[in-house]
Protein chains: 2
Amino acid sequence: MQLFYNSQLDTESTSFTLDREESRHVFKVLRKKIGDKINLTDGKGNLYHGTINHITSNRCDLDIAFAEAYPPLPYQLHIAIAPTKMNDRMEWFLEKATEMGITRITPILCKHSERQKINLDRFNRIIISAMKQSLQFHKPKLDELTTFEDFINSDLSGSKFIAHCEDGDKNHLINMISKGNSATVLIGPEGDFTPLEIELALNNNFKPVSLGATRLRTETAGVYTAATLNIINN
Amino acid sequence: MQLFYNSQLDTESTSFTLDREESRHVFKVLRKKIGDKINLTDGKGNLYHGTINHITSNRCDLDIAFAEAYPPLPYQLHIAIAPTKMNDRMEWFLEKATEMGITRITPILCKHSERQKINLDRFNRIIISAMKQSLQFHKPKLDELTTFEDFINSDLSGSKFIAHCEDGDKNHLINMISKGNSATVLIGPEGDFTPLEIELALNNNFKPVSLGATRLRTETAGVYTAATLNIINN
């Protein structure tokens, strides 16, 4: 099964035209013809069946029938992570966390962040691609780059954790979360959170957690967290 | 802390010369001087303290003192995985699985494998780099590319699992493994294992396991498995 995505689809849609790039893919790579079916999602939990009624190398028109609504998870799996200096490392975190079913990602700007700017459109395209690839119907929410202080003071649902690398009494994340409950996990930049950031987070009811015995890179810590949240909810 | 690696070190070593590239790194990037200390490992569990007694831009001589032996894990965490068509995806699996403390990796050649050749030297360099980065003293064992049939008939310690994508009665891997026990997990190529390969594995006492509800790419399945094995042993 291959899945297409467009946020403009809604359950009232009866027809739809794929964009130029997708039309070319359907025509040249998938070699679809008039009457062939394709599956689409709006990233909001809805699956649509499309039937091709016109196709050329740069335009594919579809008759659309709403097929099924997949309810959202009744909890949030939320990772707030400092974008890495090397952009490709952050991008693979986005891809893998999406494949593993994370529901929300907030890029955060910390004191030690070497990367201070992100390309949100590009990040969204990577997330959409991973959502389609892993056959999911809900696009994870991607927030704008948010300062650490703004983030920890924002309204967050469920339990809140900070995975810092400083010594101290920390339980493993897997022992601190439970199935079906919302959780937010903070992952720091290459140089870790500062002692002041850690103190601020603890004062805002974030609990310190460990992500295992080895030292993980930022993006590895992010993917490991996504796997942990996935495992507990399976 | 920064860690250097050389497989030729042993507990009798009293002096050592870093290679050209490492010497340049120590001189130019770390800006070390005579008398400064660096840490080294042989990848077999031993940590050495080196003291610089001569340094130029392309040669760094060290006095070596054996410092500490870290015992190996008393169990094997072993992933056998079909190398991906895109080499960078396999390479990041190697990096992340090493960071997460896997002990052995076997690249396997399956019926649907699109990649039939690998560069073992390059794979080893990636594993060594990840071992140093994550401050571990044991280099994961990397086997040569092995056919699926040879692999499933080989002598493997502990429980054996196959993470195929076919429907059927499968428990999640996390429920099938237990702390401190050896486990081997088979991860298939982009087109999955064939029904015959699955049958052969089951006949050789591999148990089918699930890696969660979403469809994971080969390399994501590998990293997810590494995270699962890490979590259960924490």
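Residues numbered from 1 in each chain as written. Chains lettered and ligands numbered in written order. Predicted model: local features only at pLDDT ≥ 70, side-chain atom pairs only at ≥ 80, totals over all residues. Heavy atoms only, no water.

Chemist: Please provide a residue-by-residue account of the nonpolar core, values included.
Modeler: Counting 69 residues, the largest nonpolar core has Phe93 and Ile105 of chain A together with Phe93 and Ile105 of chain B as its most contacted members. At eight residues, the largest contribution of residues to this core is made by helix H6 (residues 218-232) of chain A. Excluding residues that lie within four positions of it along the chain, Ile105 of chain B makes contacts with His78, Ile79, Ile81, Phe93, Leu94, Ala97, Ile127, Lys141, Leu142 and Asp143 of chain B. (Core = buried A, V, L, I, M, F, W, Y, C linked by side-chain atoms within 4.5 Å. Buried < 20%, exposed > 50% of the residue type's maximum accessible area, 1.4 Å probe, protein only. Helix = DSSP H or I, 4+ residues; strand = E, 2+ residues; numbered from the N terminus. Contact = heavy atoms within 4.5 Å.)

Chemist: Run through the packing of aromatic side chains, naming residues and quoting values.
Modeler: All names here are of chain A. The tally for this structure, following the rule as stated, stands at seven aromatic pairs over all chains. Considering the side-chain rings of Tyr48 and Phe66, the 5.9 Å spacing of their centres and the 65 degrees angle between planes classify their relative orientation as edge-to-face. Of this pair, Tyr48 sits in strand E4 (residues 46-56) while Phe66 is found in strand E5 (residues 59-69), placing the two residues 18 residues apart along the sequence. Taking relative accessible area as the criterion, Tyr48 reaches 0% and is therefore assigned buried. (Phe/Tyr/Trp six-rings, centres within 6.5 Å; stacked < 30°, edge-to-face > 60°.)

Chemist: Provide a residue-level description of the interface of chain B and chain A, including the pertinent values.
Modeler: Listed as interface residues are 29 residues of chain B and, on the opposing side, 29 residues of chain A. For the pair chain B and chain A, the summed buried area comes to about 2600 Å², and 55% of that belongs to carbon and sulfur atoms. If you look at where chain B meets chain A, you find six salt bridges. Across the salt bridge formed by Arg217 of chain A and Glu95 of chain B, the nearest N and O atoms sit 3.5 Å from each other. Counting across the chain B and chain A interface gives 16 residue pairs in polar contact (both at pLDDT 80 or more). Secondary-structure elements contributing two or more residues to the side of chain B that touches chain A are helix H2 (87-99), helix H3 (120-133) and helix H7 (218-232) of chain B. At eight residues, H7 of chain B tops the list of elements feeding residues into the side of chain B that touches chain A. In the side of chain B that touches chain A, the residues fall into eleven nonpolar, ten polar and eight charged. (Buried area = accessible area lost by both parts, 1.4 Å probe. Salt bridge = Lys/Arg side-chain N within 4 Å of Asp/Glu carboxyl O. Polar contact = N/O pair within 3.5 Å; in protein donor to acceptor, adjacent residues only side chain to side chain. Nonpolar A, V, L, I, M, F, W, Y, C, P; charged D, E, K, R; others polar.)

Chemist: So, the relation of the copies chain B and chain A: which residues are in play, and what are the values?
Modeler: With an RMSD of 0.0 Å, chain B superimposes on chain A once it is rotated by 180 degrees and translated 0.0 Å along the axis. Within this description, the copies of the chain are treated as partners about a two-fold rotation axis. Every residue of chain B has its C-alpha some distance from the rotation axis, and the shortest such distance is that of Ala227 of chain B, at 3.3 Å. Here 100% of the contact residues of chain B are again contact residues in chain A; the copies associate through an equivalent surface. (Least-squares fit on C-alpha atoms with pLDDT ≥ 70 in both.)

Chemist: Could you give me a rundown of the pattern of salt bridges, with the residues and numbers involved?
Modeler: Applying the stated criterion across every chain, the model contains 24 salt bridges over all chains. Put simply, Asp143 of chain A and Arg104 of chain A hold a salt bridge, and the shortest N to O gap is 2.8 Å. Of the two residues, Asp143 of chain A is situated in the loop between strand E8 (141-142) and strand E9 (146-147) and Arg104 of chain A in strand E7 (residues 104-109); the sequence distance between them amounts to 39 residues. We note that Asp143 of chain A, like Arg104 of chain A, is buried. Taking the shortest distance from any N to any O, the salt bridge between Glu95 of chain B and Lys96 of chain B comes out at 2.6 Å. Overall, the relative accessible area of 15% leaves Glu95 of chain B in the buried class. Among the residues examined, Lys96 of chain B registers a relative accessible area of 0% and is labelled buried. A network of salt bridges, in which partner residues are shared, links Arg89, Arg217 and Glu219 of chain A together with Glu95, Lys96 and Glu99 of chain B.

Chemist: Describe in detail the domain arrangement of chain A, supporting the description with residues and values.
Modeler: All names here are of chain A. As assigned here, chain A comprises domain 1 (3-69) and domain 2 (77-232). Taking the mean C-alpha position of each, domain 1 and domain 2 sit 33 Å from one another. Facing ten residues of domain 1, the contacting portion of domain 2 comprises eight residues. In total, domain 1 and domain 2 occlude about 710 Å² of area from one another, counting both sides; carbon and sulfur atoms represent 70% of this. The tally of links between domain 1 and domain 2 comes to one salt bridge. In this structure, Lys132 engages Glu22 in a salt bridge whose closest nitrogen and oxygen atoms are separated by 3.9 Å. For the pair domain 1 and domain 2, the interface holds four residue pairs in polar contact (both at pLDDT 80 or more). The greatest single-element share of the side of domain 1 that touches domain 2, amounting to three residues, is contributed by strand E1 (residues 3-5). The residue inventory of the side of domain 1 that touches domain 2, partitioned by class, reads four nonpolar, four polar and two charged. (Domains from an automatic or database assignment.)

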